[in-house]
Amino acid sequence: MNVTATIPATASGAVTNTVSVTPTAPDACLNTNACQASATLQPAAILSATKQASVTNYTPGGTTALTYTINISNTGPVASNAAAVTDNAPSGVTFGSWSCALCVPASGTGNVATSLSLAAGGTATLTITATVQPTAIGSVVNTASVVPVAPDGCLSAAACTPAATVSPAAILSATKSASASYYWTGRSTSLTYTIAVTNSSPTASSSTRIQDAMPAGVTAQSWSCAACVPQSGTGSVDTLTAVPGNGTVTMTVNALIAGTAVGTLVNTATITPRAPDA
């Protein structure tokens, strides 16, 4: 006889199922225990893990130090067997050292390969020092793996493959043009400067500062930038903006060249990104 059964999530402790055979007289059991049979299932450990990176963004083309933290838990009612814990550095990232007080081995360098036994309700933390290299491209996804030993299991498939993503920071560049190439000496000349700040990364910039001080002989009458804070003003420019990923923020400066201006007039704007933007 085969019996299919389901153990509910509310079950706790050992689960014993007993079958009884009751013969009809004059039939009889060989002995008292011969007409009863039992099967007992013990609860297993249930493992899960989470993973975080100490930074959200890295600087493209440069090196960015970070720490990965993996927290592993056993939510089962019994201690776990020695689960295998591994973590290989993704492309563009190098691992320095790692440590986990409850693991065997408890520390190492490079890729992680260790084992971990956890008491019922226990937790363990594994930390990895890492560096995002200049060769990194796009979002860097680092995934760890926790493989329990049967009958232990994972809370879910995703619970034993935690991942942390670090995205490239903004990469900014700027261009500037003037509405006129020449000015008249001895009389005032109006012109418009246009500044375009472009972000070639998919990640928006954070608090990018735009400054533009007029050269001698030139006065900024007014300036405007819809995506800036503040959005407009008079005189020299000093404002902040967040340039969208793969986007551009444009600013216009209405200026007046005095009749007393002489020589070549060079107007330079300065774009100052906030780390880790570059």
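Preceding this section is the structure that the text describes.
Conventions we followed
- Residues numbered from 1 in each chain as written.
- Predicted model: local features only at pLDDT ≥ 70, side-chain atom pairs only at ≥ 80, totals over all residues.
- Heavy atoms only, no water.
- Helix = DSSP H or I, 4+ residues; strand = E, 2+ residues; numbered from the N terminus.
- Buried < 20%, exposed > 50% of the residue type's maximum accessible area, 1.4 Å probe, protein only.
- Contact = heavy atoms within 4.5 Å.
- Salt bridge = Lys/Arg side-chain N within 4 Å of Asp/Glu carboxyl O.
- Pairing = 2+ DSSP bridges.

> Before we move on, can you summarise the side chain of Ser201 with the specific residues and values?
Summarising the element assignment, Ser201 is placed in the loop between strand E16 (189-199) and strand E17 (208-212). Owing to a relative accessible area of 2%, Ser201 belongs among the buried residues under this scheme. When near neighbours in sequence (up to four residues on either side) are disregarded, Ser201 contacts Pro168, Ala169, Ala170, Ile171, Gly245 and Asn246.

> An account of the pattern of salt bridges is requested, with residue identities and associated values reported.
One pass over the full model with this rule turns up three salt bridges. The partner of Lys51 in a salt bridge is Asp87, and the shortest N-O contact between them spans 2.5 Å. On the criterion of sequence distance, the pair formed by Lys51 in strand E3 (residues 46-53) and Asp87 in strand E6 (residues 83-87) is long-range, its members being 36 residues apart. There is no split in this pair, since Lys51 and Asp87 are both buried.

> Please give an account of the sheet that holds strand E21 (residues 237-241) that cites residues and values.
With respect to topology, four strands assemble into an open sheet ordered E19-E21-E17-E23, the strand pairing being antiparallel. Across the chains shown, the open sheet's two edge strands, defined by having one partner strand only, are strand E19 (228-229) and strand E23 (269-272). Alignment of E19 against E21, held across two bridges, turns out to be antiparallel. Pairing of Val229 across the sheet is with Leu240, part of E21.

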